[in-house]
Amino acid sequence: MGKVLAIANQKGGVGKTTTSVNLAASLKVTRKSVLLIDLDPQGNATMGSGVDKSSLDKTIYEVLMLQAEFDEVVVHLEEAEYDLLPANGDLVAAEIELISVDDRELRLRQIVDEIRDRYDYIVIDCPPSLNMLTVNALVAADGVVIPMQCEYYALEGLSALMDTINAIRDQLNPELKIEGILRTMYDPRNKLTSEVNGQLIRYFGDAVYRTVVPRNVRLAEAPSYGKPVIKYDRKSRGAIAYLALAGELLRRNDEATARAMR
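Scoring rules and cut-offs
- Residues numbered from 1 in each chain as written.
- Predicted model: local features only at pLDDT ≥ 70, side-chain atom pairs only at ≥ 80, totals over all residues.
- Heavy atoms only, no water.
- Helix = DSSP H or I, 4+ residues; strand = E, 2+ residues; numbered from the N terminus.
- Rg over C-alpha atoms; globule rule 2.2 N^0.38 Å.
- Buried < 20%, exposed > 50% of the residue type's maximum accessible area, 1.4 Å probe, protein only.
- Contact = heavy atoms within 4.5 Å.
- Areas by Shrake-Rupley, 256 points an atom, 1.4 Å probe, with all protein chains shown as cover.
- Pairing = 2+ DSSP bridges.
- Core = buried A, V, L, I, M, F, W, Y, C linked by side-chain atoms within 4.5 Å.
- Expected span 1.5 Å × (residues − 1).
- Polar contact = N/O pair within 3.5 Å; in protein donor to acceptor, adjacent residues only side chain to side chain.
- Axes fitted to C-alpha atoms, helices over the stretch in contact; angles between N-to-C directions.
- Parallel < 35°, antiparallel > 145°, perpendicular 65-115°, else oblique.
- Left-handed = near helix turned anticlockwise from the far one by under 90°.
- Nonpolar A, V, L, I, M, F, W, Y, C, P; charged D, E, K, R; others polar.
- Phe/Tyr/Trp six-rings, centres within 6.5 Å; stacked < 30°, edge-to-face > 60°.
- Lys NZ or Arg CZ within 6 Å of the ring centre and 35° of its normal.

Student: Account for the overall build of the chain, naming residues and giving values.
Tutor: In terms of helices and strands, the chain carries 12 helices and 8 strands. Its C-alpha atoms give the chain a radius of gyration of 17 Å, near enough to 18 Å, the size a compact globule of 262 residues would have. With the C-alpha coordinates aligned to their principal axes, the bounding extent of the chain is approximately 50 × 40 × 40 Å. Among the 262 residues that make up the chain, the fraction classed as buried is 53%. Pairs at least 24 apart in sequence give 77% of the contacts found in the chain among residues at least 6 apart. Element-wise, carbon and sulfur atoms account for 48% of the exposed surface of the chain, whose accessible area totals about 12,100 Å².

Listed below in structure tokens is the structure:
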């Protein structure tokens, strides 16, 4: 059964979509079968995967609203090689329409449960807000990967996100856990970065990934070419960082599985 990871942080500009796209591509390089779900109405993960969001006849919106089946909408990407459930601005309507639906928090989970056996990993790119779409992602997920910059306001946002995760765990998804905290746009020369980094490790310990994602021009350029960075410049620091993240994530999961079998 595939593992479902929500990439979440209600603060924008922290590298959430960059992480979703590049983690999906890096897991695929390790020969895992991967589905990327774009749950953000901005459709940036869709565009960053090489799909024109404006040309789509059907998106995850139709799947969520039970107007289309998963297999009618999923896109099999030739270059990036993972599968994509795409999104565009139509998804804004889902936030409103889901409010009047029974079991509205469970809609994405019901969809994911039907197809999770097809994949080793399902990665969900969440919108940059704690809305009904994000709640759906957290209810569907086994774990949450939290990308964040090492800056003061990021710590405040992390506190709010942790409250939401705890509430979801208590009420809707008791198996939900923090998969890891990923430090993005990392610059060790910055004094504030070092201070926030110290606080993160002090409070969250092993939950903080050893892998850090540096500021990297090639990583920033790749989405404009509709490619994960590993397909744009495999030797770049950004590509190497996300390959390392995929490796660290896989090792953690193997260790957790081994502990559970003892």
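Student: I'd like to hear about the pairing of strand E2 (residues 34–38), residue by residue, with values.
Tutor: Most of E2 is tucked away: 5 of the 5 residues are buried. Residue alternation in E2 divides its side chains into two sets, Val34, Leu36 and Asp38 and Leu35 and Ile37, and both sets are buried. The sheet contact formed by E2 and strand E5 (residues 121–125) spans 5 bridges and is parallel. The residue bridging leucine 35 from the neighbouring strand is isoleucine 122, located in E5. Note: E2 against strand E4 (residues 83–85), 3 bridges, orientation parallel.

Student: Break down the nonpolar core for me, with residues and values.
Tutor: The biggest cluster of nonpolar side chains holds 53 residues, and the ones touching the most others in it are Leu64 and Ile124. Per element, the largest residue contribution to this core is 7 residues, and it comes from helix H7 (residues 132–140). If we skip the residues at most four places from it in the chain, isoleucine 124 touches Val4, Leu5, Ala6, Ile7, Ser20, Ile37, Leu39, Leu108, Ala137 and Ala140. Counting 34 residues, the second largest nonpolar core, distinct from the first, contains Leu5, Ala25, Leu56 and Tyr209.

Student: Let's hear about helix H8 (residues 152–171): which residues, and what values?
Tutor: An α-helix turns once per 3.6 residues; consequently, residues spaced three or four apart project the same way. Across its 20 residues, H8 extends 30 Å between first and last C-alpha, which sits within 8% of the 28 Å expected from 1.5 Å per residue. Inspection of H8 places Ala154, Gly157, Leu158, Leu161, Met162, Thr164, Ile165 and Ile168 among the buried residues, and these make up the whole buried set. The elements touched by buried residues of H8 are H7, strand E6 (143–149), strand E7 (177–186) and helix H9 (191–204).

Student: Describe in detail the sheet that holds E2, supporting the description with residues and values.
Tutor: Working definition: the strands of a sheet are paired by backbone hydrogen bonds and lie parallel or antiparallel to each other. An order of E3-E4-E2-E5-E1-E6-E7-E8 is seen for the 8 strands of this open sheet, with the pairing classed as mixed. A strand with exactly one partner marks an edge of an open sheet, and here the two such strands are strand E3 (75–76) and strand E8 (208–214). As paired elements, E3 and E4 share 2 bridges and run antiparallel to each other. When the bridges of E4 are listed, valine 75 appears paired with leucine 84.

Student: Provide a residue-level description of the environment of aspartate 38, including the pertinent values.
Tutor: Among the structural elements, aspartate 38 can be located in strand E2. Classification of aspartate 38 by relative accessible area gives buried; the value is 0%. Along the backbone, aspartate 38 and cysteine 126 are 88 residues apart, and their C-alpha atoms lie at a distance of 7.2 Å. Residues within four places of aspartate 38 in sequence aside, it is in contact with Gly43, Asn44, Ala45, Thr46, Ile60, Leu85, Pro86, Ala87, Leu91 and Asp125. Within the local environment of aspartate 38, its side chain forms a polar contact with the side chain of threonine 46, the two groups lying 2.7 Å apart.

Student: Talk me through the packing of helix H1 (residues 16–29) against helix H12 (residues 237–261); I want residue IDs and the actual numbers.
Tutor: Two numbers describe a pair of packed helices, the interaxial angle and the distance between the axes. Contact pair H1 / H12: the axes reach a minimum separation of 8 Å and the direction vectors enclose 70 degrees. Between H1 and H12, the angle is such that the two are roughly perpendicular. Viewed along their axes, H1 and H12 form a crossing whose handedness is right-handed. Within the contact between the two elements, H1 uses Thr18, Thr19, Asn22, Leu23, Ser26, Leu27 and Val29 and H12 uses Tyr242, Leu243, Leu245, Ala246, Leu249 and Leu250. Class assignment for the residues of the contact of H1 with H12 results in 9 nonpolar, 4 polar and no charged.

Student: Run through the packing of aromatic side chains, naming residues and quoting values.
Tutor: If you walk through the whole model with that rule in mind, you get 1 aromatic pair. Pairing tyrosine 225 with tyrosine 232 gives two aromatic rings, centres 4.9 Å apart and planes at 25 degrees, and the pair type is stacked. Taking relative accessible area as the criterion, tyrosine 225 reaches 52% and is therefore assigned exposed. Seen from the ring of tyrosine 203, arginine 202 lies directly overhead, with NZ or CZ sitting 6.0 Å from the centre.

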